[in-house]
Amino acid sequence: MSGNADPRPAGEGTTSRTRLDRGRGALGPALELVHTGRAPTRAVLTAELGVTRATAGAVAAELEALGLIRVDARPGAAAGSQGRPSHRLAVAEDGPVVLAAQVHADGFRAALVGLGGRIAATAPARETVDADPAKIIGSVVEAGADLLRTTGLRCVGAGLAVPSAVAEPDGSALNPLHLAWPVGAPVRRIFAECVRAAGISGPAFAGNDVNLAALAEHRHGAGRGARDLLCVATGHRGVGGALVLDGRLHTGSSGLALEVGHLTVNPEGRPCHCGSRGCLDVEADPLALLTAAGREPGPVVSLLQQAIELIRDHYDDPTVRTAAETLIDRLGLGLAGLVNILNPDRIILGGLHRTLLAADPDRLRAVVADRSLWGQSGGVPILACTLDHNSLVGAAELAWQPVLDDPLRALGPV
């Protein structure tokens, strides 16, 4: 319970506290409903939780007392509505945040992220990624600590996204192919140590960047409402994939599922870092596009940004169009194989793939439909990711999860 003074009359407060005791197990589910936008009003919250209106009101009041949500007690009735309007619910914009961090081939980014996937502050930075993971992870944590000092916001946890499969339960990066890190670097332990050394409160987590992007999109973006969601995305280098099943991220028995970048889509293609040839990882990433278009990568901006700008600004150039179409066909082959195996109800594409979809959506969808058994009987919706920093938001979701599971335990009594 919050330690804030209760302004209600003694009898009313006791009754409300009794209702809250009955609905204490609903605090986490209620917070997740508001966090993901699925309970915009108290009436919807009541229905989703399957509790009485009074209990839902007590649960909402406690979440508000914890500083996590806001209850609008004086909403205006919607036009044409009947009866008493329900109180509106929203995450607290001035509430606590988590530190979200991302390391990629071109540097790092740190942000403070509130409930609802709202980025409260960000500190982009680019630098050469050191072969010692502790140095770059220390830099991104320090950038986050600076944001916390500047904003004065309360931090309740931290999450890190990295371009590598992260093994469970030890949290080691097993294949940081596009970084110079050693295989098996203990990124979760290093991150947690840096977080503690910086004086940042709360638990620390680490995960694969595309897995986290999929989680963020499922909760706040293009994947909302999907049951079996497949996400495929380019980072600054390489291609990653993730699967959300029944609302939960599917990572396999030890965190290593959905290494889609190593599907062979061109048997005679480019050598891959994994030792094979023609993998999606090297046939449909930003470097592959720049190479196919005959463009020398520049040093000023990231490979991802260079590739996106090339399509956006020069798609009328026949060489660029041909290079993009080649990547679209390779990507479509990979997606078709995944559709046959996974039978998702939605596919979302991020990074450069989002730009390729926008450049020629009919071509990509036709390749997937023609090459997949289930695609021929009914097309799988293929959509663009909608969150600009979805890996960062997904890293924040890792840190928010203990709060969503049990707000009182995670935040503790004041």
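As annotated in an unreviewed UniProt entry, the protein chain carries the name ROK family protein and is attributed to Streptomyces aquilus. Taken from UniProt, the Sequence similarities (unreviewed entry) comment for the protein chain reads in full: "Belongs to the ROK (NagC/XylR) family."

*Asks:* Go over the overall build of the protein chain with me, naming the residues and quoting the values.
*Replies:* Along its length, the protein chain carries 16 helices and 14 strands. Within the protein chain, contacts between residues separated by at least 24 positions form 63% of all contacts whose residues are at least 6 apart in sequence. Looking at the protein chain as shown, the accessible area adds up to about 17,900 Å², and 50% of this sits on carbon and sulfur atoms.

*Asks:* Just give me the short version of the sheet that holds strand 11 (residues 239–245), but keep the residues and values in it.
*Replies:* Overall, mixed pairing links the 5 strands, which are arranged 12-11-10-13-14 in an open sheet. At either end of the open sheet lies a strand with only one pairing partner, and these are strand 12 (248–250) and strand 14 (382–384). Adjacent strand axes in the sheet meet at a mean angle of 30 degrees when their direction is disregarded. Judged from the 7 bridges that link them, strand 10 (residues 228–234) and strand 11 form a sheet pairing that is antiparallel. Following the sheet pairing, Leu229 is matched in strand 11 by Val244.

*Asks:* Tell me about helix 7 (residues 209–220), and please be specific about residues and values.
*Replies:* Note: α-helices contain 3.6 residues per turn, so residues at a spacing of three or four share the same orientation. The end-to-end C-alpha distance of helix 7, which contains 12 residues, comes to 16 Å, matching closely the 16 Å that a straight helix rising 1.5 Å per residue would cover. The buried count for helix 7 comes to 12 of 12 residues, which makes it a mostly enclosed element. Of the positions making up helix 7, those classed as buried are Asp209, Val210, Asn211, Leu212, Ala213, Ala214, Leu215, Ala216, Glu217, His218, Arg219 and His220. Its side-chain oxygen placed 3.1 Å from the backbone nitrogen of Val210, Asn208 serves as the N-cap of helix 7.

*Asks:* Tell me about the environment of Ile347, residues and numbers included.
*Replies:* The topology assignment puts Ile347 in strand 13 (residues 346–350). The exposure class assigned to Ile347 is buried, which follows from its relative accessible area of 0%. Here the alpha-carbon distance between Ile347 and Leu335, two residues 12 residues apart in the chain, equals 8.7 Å. Sequence-distant contacts of Ile347, that is, excluding residues within four places in its chain, are made with Leu230, Leu335, Val339, Val380, Pro381, Ile382 and Leu383.

*Asks:* Could you give an account of the environment of Glu309, with specific residues and numbers?
*Replies:* Following the sequence through the fold, Glu309 ends up in helix 10 (residues 303–314). Between the C-alpha atoms of Glu309 and Leu352, which are 43 residues apart in sequence, the distance is 9.8 Å.

*Asks:* Tell me about the packing of helix 2 (residues 27–35) against helix 15 (residues 390–405), residues and numbers included.
*Replies:* Helix 15 packs onto helix 2 with a crossing angle of 140 degrees between their chain directions and a minimal axis gap of 7 Å. Between helix 2 and helix 15, the interaxial angle falls into the category oblique. In contact with Gly28, Pro29, Leu31, Glu32 and His35 of helix 2, helix 15 contributes Glu397, Val403, Leu404 and Asp405.

*Asks:* Before we move on, could you go through the side chain of Asn266 and cite the residues and values that matter?
*Replies:* With respect to the helices and strands, the residue Asn266 is situated in the loop between strand 12 and helix 8 (280–283). Dropping the residues within four chain positions of it, Asn266 is found in contact with Arg277, Gly278, Glu283 and Arg330.

*Asks:* Could you give an account of unusual backbone geometry, naming the residues involved and the relevant values?
*Replies:* Between Glu168 and Pro169 the backbone carries a cis peptide bond, its omega angle lying at 5 degrees. Of note, Pro169 is situated in the loop between strand 7 (166–167) and strand 8 (172–173). Phi angles above zero are rare outside glycine, and Leu258 is one such case at about 65 degrees. If you trace the backbone, Leu258 turns up in the loop between strand 12 and helix 8. Here the phi dihedral of Asn343 falls at roughly 50 degrees; this positive angle occurs in a residue that is not glycine. Take Asn343: it is sitting in the loop between helix 11 (318–342) and strand 13.

*Asks:* Outline the pattern of salt bridges, listing residues and values.
*Replies:* Oppositely charged side chains are able to pair whenever their charged atoms sit close together. For the coordinates displayed, the defined rule picks out 17 salt bridges. Across the pair Arg188 and Glu168 runs a salt bridge whose closest N-O atoms are separated by 2.8 Å. Of this pair, Arg188 sits in helix 6 (residues 187–197) while Glu168 sits in the loop between strand 7 and strand 8; the two residues are 20 residues apart in sequence, bridging distant segments of the chain. The class of Glu168 is partly exposed, set by a relative accessible area of 37%. Asp329 is the partner of Arg363 in a salt bridge, and the nearest nitrogen-oxygen pair spans 3.0 Å. You can see Arg363 sitting in helix 13 (residues 361–371) and its partner Asp329 sitting in helix 11, a full 34 residues away along the chain. Overall, Arg363 belongs to the partly exposed group, its relative accessible area being 28%. When salt bridges with common partners are traced through the structure, they connect Glu142, Asp146 and Arg149 into a single cluster.

*Asks:* With reference to specific residues and values, describe the sheet that holds strand 5 (residues 119–125).
*Replies:* Strand order in the open sheet formed by 5 strands is 5-4-3-6-9, and the pairing between neighbours is mixed. Sheet topology places strand 5 and strand 9 (204–208) at the edges, where each strand pairs with a single neighbour. Strand-to-strand twist of the sheet, defined as the mean angle between neighbouring strand axes without regard to direction, takes the value 15 degrees. Taken together, the 5 bridges between strand 3 (residues 97–104) and strand 6 (residues 155–162) define a ladder with parallel strand orientation. Residue pairing across strands places Leu99 opposite Ala158, the latter belonging to strand 6. Strands strand 3, strand 4 (107–113), strand 5 and strand 6 of the sheet are contacted by helix 5 (residues 133–151), whose axis makes an angle of about 30 degrees with strand 4. With respect to the sheet, helix 6 is in contact with strand 3, strand 6 and strand 9, its orientation differing from that of strand 9 by roughly 145 degrees.

*Asks:* Please give an account of the pairing of strand 11 that cites residues and values.
*Replies:* Each regular strand displays side chains that alternate between the two surfaces of the sheet. Within strand 11, 6 of the 7 residues are buried, which leaves it mostly tucked inside the rest of the structure. As consecutive antiparallel partners, strand 10 and strand 11 are separated by 4 residues, and within that stretch Gly238 has a phi angle of approximately 80 degrees, a positive value. Bridge count for strand 11 against strand 12 is 3 bridges, and the pairing is antiparallel. Among the inter-strand pairings, Leu243 is bridged to a residue of strand 12, identified as His250. Linking two consecutive strands that pair antiparallel, namely strand 11 and strand 12, is a turn of 2 residues; a positive phi of about 50 degrees is found at Asp246 within it.

Definitions and cut-offs
- Residues numbered from 1 in each chain as written.
- Predicted model: local features only at pLDDT ≥ 70, side-chain atom pairs only at ≥ 80, totals over all residues.
- Heavy atoms only, no water.
- UniProt positions renumbered as here; feature names shortened; annotations may be inferred.
- Helix = DSSP H or I, 4+ residues; strand = E, 2+ residues; numbered from the N terminus.
- Contact = heavy atoms within 4.5 Å.
- Areas by Shrake-Rupley, 256 points an atom, 1.4 Å probe, with all protein chains shown as cover.
- Pairing = 2+ DSSP bridges.
- Axes fitted to C-alpha atoms, helices over the stretch in contact; angles between N-to-C directions.
- Expected span 1.5 Å × (residues − 1).
- Buried < 20%, exposed > 50% of the residue type's maximum accessible area, 1.4 Å probe, protein only.
- Polar contact = N/O pair within 3.5 Å; in protein donor to acceptor, adjacent residues only side chain to side chain.
- Parallel < 35°, antiparallel > 145°, perpendicular 65-115°, else oblique.
- Salt bridge = Lys/Arg side-chain N within 4 Å of Asp/Glu carboxyl O.

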